[in-house]
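# Tertiary structure, described
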Amino acid sequence: MWNPFAKKTEQTNDTPQQKDYKHRLLIVKILFLMAFAAAAARLVQIQVIESGIYQEIARKQYEARVPLVAQRGNIYDRNGNILVTNSDFVSFAADPAIAGDDARFIAHEFSKVTGKPEREYIAKLQTKKRFVWLERHLRPDVAELIPLKKMGGIVKMNEAVRLYHHDEVAGQVLGATNIDNTGVSGIEQQFNDVLRGLDGYVIMQKDGLGRQRPSVDYPREEAVNGHSIELTIDLQYQSIADEELKKGVARSQAEAGLVVMLRPQTGEVLAMSNYPHVNLNKIEHADLLKNRVVSDMYEPGSVFKIVTASAALQHDLVTLEKKFYAENGKYKIEYPGKRIRFINDTHPMRDVTFLEGMAYSSNIVMAKVSDLIGPEKLYKQARDFGFGMPTGIELPAEISGQLKKTSEWSLASLNSIAYGYEVGVTPLQIVSAYAAVANDGILMKPYIVQRERDENGQEVFAGEPVMIRRVIPKNVNEQMKKMFESVVEYGTGSMVKILGVRIAGKTGTARKYIDGKYEVGSYNASFVGFFPVEKPEIVCLVILEKPKAGYTGALASAPIFKAITDRIINNSGLLAKTMIAEQNVTTTAVLKTVNDGTVSIPDVAEKDAEDAVGILKQSGLAAKMIGTGDEVVRQYPPAGKKVERGSIVQLMMNENEHAVAASATKIPDVRGMSVRRAVNKLAAEQLGVSIVGTGVVVNQFPSPGTTIKQGTKVTVMCEPKAITTAQLY
């Protein structure tokens, strides 16, 4: 019997089988120990070292971060008329990893609504990406037709789309945004950071079915809406410039054209127009977004004679009465090395005064004057006017132009620069130089932003006039005014004369320099002027590129300047007194209107168009007809309302009441709505919008329920602010 307490006298030897068993058991123990150690290390890694990563993964299973998109700021004109705002649209995105299994069903449903091929959607859903856009910017009523509840992995998102209320008006100035609502040109690009605001977010909890629910326990960052921008642009001036430029380009068969208007005392841009225009709501060619007023360089031709004339007068080298021999229109110059050139005038003359030389735009006289001035003085005068450097206006892609240093001039440069060749300028530089003469010789920095407001309407920035320098003394400036007025009174610009208004200006014609040579028969035609001379309020430049029906500034551009000026003057209360005195209009009602600050609007409803306009004119008011027809059916502001003299009364004509077409829609009632809500409502019905005033919609035309064509503009009248337009500042 085995006694465990017995003394062991000898060691038993294990059999080979026992030794093998113990060896395998030891290996198993070691493996178990290693597995335990590995599991423990993994737990330490997960629970301690990488705990943050796995907490984030877990959080994503029951939390979702939903963006709160900031609303892009609006853009207004100087009078508060809205130019650019936002309209709500709907976009659809997909996670192909989830939605890919139902790709054919999803593609079929989207195709039914949008009319696009199913294969386009299937291709998007079969990608390896985790996020793709299926559709962007659908109208809300269209988006409702998509059965989203039957689709997995599809996300519906509200997105704001820029809405440009006046289509082509100031298109290149306002600029455009891309599909992601980021500015890519114009004001939209220059002030993108200011306009776009800051997006926020909210943390949502997900339940077992994946539904999102807000929680007060989770962080939330509110979106900060973008700031609004108020421009110095006057909507009425801009509209006039756009309309008359378009007519002038067609009349002269030009390739393109532009108009710029400034207020000389401050440098405010009142209008800036490029043709061809661009419809910002439907951009057909990206090239049309280019604002040539600041981004293109031209050889100015005779409008550059402002530099030559002012330099000569300032240094007492000439007087207005000094006589020059104009060589009967053809001036031969011999340079060293037997080089010969000819300078020609379009108006052959013999003995003329310096004043007459400017009036008839004599290149020969200016060339001879430049010999008296010399390179250094002429170069300095050009720099003082701002040529060869950017103006600093708040618009993208402005160039500095080209003004070579005198060390780079050839023997012919002095004479050539004297009448506007061998120098490159921007249209904005030209109009700024003439604004300096209109402003008693003081050059102002042009600017286009009047005010910036935050989302609460509080002013955070205000544009102010900035004086650059005095270019010429006041007594010399008066002589310059006299020279430019002579151009209009009896010289090359006589076609812009308007009875009762003193206008000063200068014509310009320059042959285009293309591919290293001057192209025969290809010209830029320009006219720049300001009025009234005794107290200039507006400076306006018109340039046409390659006009065919009359290529000179006098024949092509000057008529556009006159048409613009005539419309502004006829709608201006501040110039009414001058116009009345010159045209012997002695109607008591008109005189009362001129002298009083306000006038009561007469009732012209149900009157013929001609009679209505006449009655309003007698009261010192202007008329704007909306629609067509020969009878006024409604007016705004209403009869009896007190408004400032010179205000415009909107007249709704009768034929608009009966506009019916195959693709017709009924006008919704937007009275009582805010401007933004009204615009969105009308846009959803594919109707255009013309806004009068600001605030809440108090009336609309045509009336609610009227059947009209889709795309027709509906005019909405808003209170409390009524439009007072086309005033001189």
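Residues numbered from 1 in each chain as written. Predicted model: local features only at pLDDT ≥ 70, side-chain atom pairs only at ≥ 80, totals over all residues. Heavy atoms only, no water.

Here the focus is the packing of aromatic side chains. Throughout the structure, instances matching the rule amount to 10 aromatic pairs. The interplanar angle of 40° and the centroid separation of 5.5 Å between the aromatic rings of Phe 110 and Tyr 121 together place this pair among those described as tilted. Taken together, the positions of Phe 110 in helix 4 (residues 103-114) and Tyr 121 in helix 5 (residues 118-125) put the pair 11 residues apart, joining distant regions of the chain. Phe 110 gets classed as buried once you look at its relative accessible area, which sits at 0%. Each residue in the set Phe 92, Phe 110 and Tyr 121 is aromatic and connected to the rest through ring pairs, giving one cluster. Positioned above the aromatic ring of Phe 324, the side-chain terminus of Lys 322 is 5.7 Å from the ring centre. Between the NZ or CZ atom of Lys 368 and the centre of the ring of Tyr 331, over which it lies, the distance is 5.0 Å. (Phe/Tyr/Trp six-rings, centres within 6.5 Å; stacked < 30°, edge-to-face > 60°. Helix = DSSP H or I, 4+ residues; strand = E, 2+ residues; numbered from the N terminus. Buried < 20%, exposed > 50% of the residue type's maximum accessible area, 1.4 Å probe, protein only. Lys NZ or Arg CZ within 6 Å of the ring centre and 35° of its normal.)

Attention now moves to a negative patch on the surface. On the surface, Asp 603, Glu 606, Asp 608, Glu 610, Asp 611, Asp 630 and Glu 631 cluster together into a negatively charged patch. Considering the arrangement of structural elements, one finds Asp 611 in helix 22 (residues 609-618). (Patch = residues over 30% accessible without salt bridge, like charges linked within 9 Å, V, L, I, M, F, W, Y side chains within 5 Å. Areas by Shrake-Rupley, 256 points an atom, 1.4 Å probe, with all protein chains shown as cover. Salt bridge = Lys/Arg side-chain N within 4 Å of Asp/Glu carboxyl O. Lys, Arg positive; Asp, Glu negative; His and termini not counted. Charge placed at Lys NZ, Arg CZ, Asp CG, Glu CD.)

With that settled, the discussion passes to the pairing of strand 10 (residues 256-263). Here strand 10 lies mainly inside the structure; 7 of its 8 residues are buried. Relative to strand 22 (residues 538-545), strand 10 runs antiparallel, the two sharing 7 bridges. From the neighbouring strand, Val 259 faces strand 22, where its bridge partner is Val 542. Alignment of strand 10 against strand 11 (residues 268-275), held across 7 bridges, turns out to be antiparallel. Within strand 11, the position partnered with Val 260 by the bridge is Met 272. Here strand 10 folds back onto strand 11, and the loop between the two strands holds 4 residues, one of which, Gly 267, carries a positive phi near 90°. (Pairing = 2+ DSSP bridges.)

With respect to the helices, strands and loops of the structure, Ser 91 is situated in strand 3 (residues 82-94). Judged by its relative accessible area of 0%, Ser 91 is buried. Beyond its immediate sequence surroundings of up to four residues, Ser 91 is in contact with Trp 133, Glu 135, Arg 136, His 137, Val 155, Lys 156, Met 157 and Glu 159. (Contact = heavy atoms within 4.5 Å.)

Attention now moves to the nonpolar core. Counting residues in each nonpolar core, the largest one holds 87 residues, and the members touching the most others are Phe 354 and Met 480. Sort the elements by how many residues they give to this core and helix 17 (residues 427-438) lands first, with 9 residues. When sequence neighbours within four positions are dropped, the list of residues in contact with Met 480 reads Ile 306, Ala 309, Ser 310, Leu 313, Val 437 and Ile 472. Grouped together as the second largest cluster of nonpolar side chains are 29 residues, Ala 241, Val 488, Phe 531 and Phe 561 included. (Core = buried A, V, L, I, M, F, W, Y, C linked by side-chain atoms within 4.5 Å.)

The next point concerns the sheet that holds strand 25 (residues 632-636). In space, the 3 strands of this open sheet follow the order 24-27-25, with mixed pairing throughout. In this open sheet, the two edge strands, each paired with only one partner strand, are strand 24 (622-626) and strand 25. Within this sheet the neighbouring strands show an average axis-to-axis angle of 30°, counted without direction. The sheet contact formed by strand 24 and strand 27 (residues 648-653) spans 5 bridges and is parallel. Counted as the bridge partner of Lys 624 is Gln 650 from strand 27. (Axes fitted to C-alpha atoms, helices over the stretch in contact; angles between N-to-C directions.)

Attention shifts here to helix 4. Its 12 residues place the ends of helix 4 16 Å apart at the C-alpha level, agreeing with the 16 Å of an ideal helix rising 1.5 Å per residue. Of the positions making up helix 4, those classed as buried are Ala 103, Ile 106, Ala 107, Glu 109, Phe 110 and Ser 111. Where helix 4 is buried, its residues contact strand 3, helix 3 (96-99), helix 5, strand 4 (132-138) and strand 5 (154-164). Backbone geometry just after helix 4 places Gly 115 at a positive phi near 80°. (Expected span 1.5 Å × (residues − 1).)

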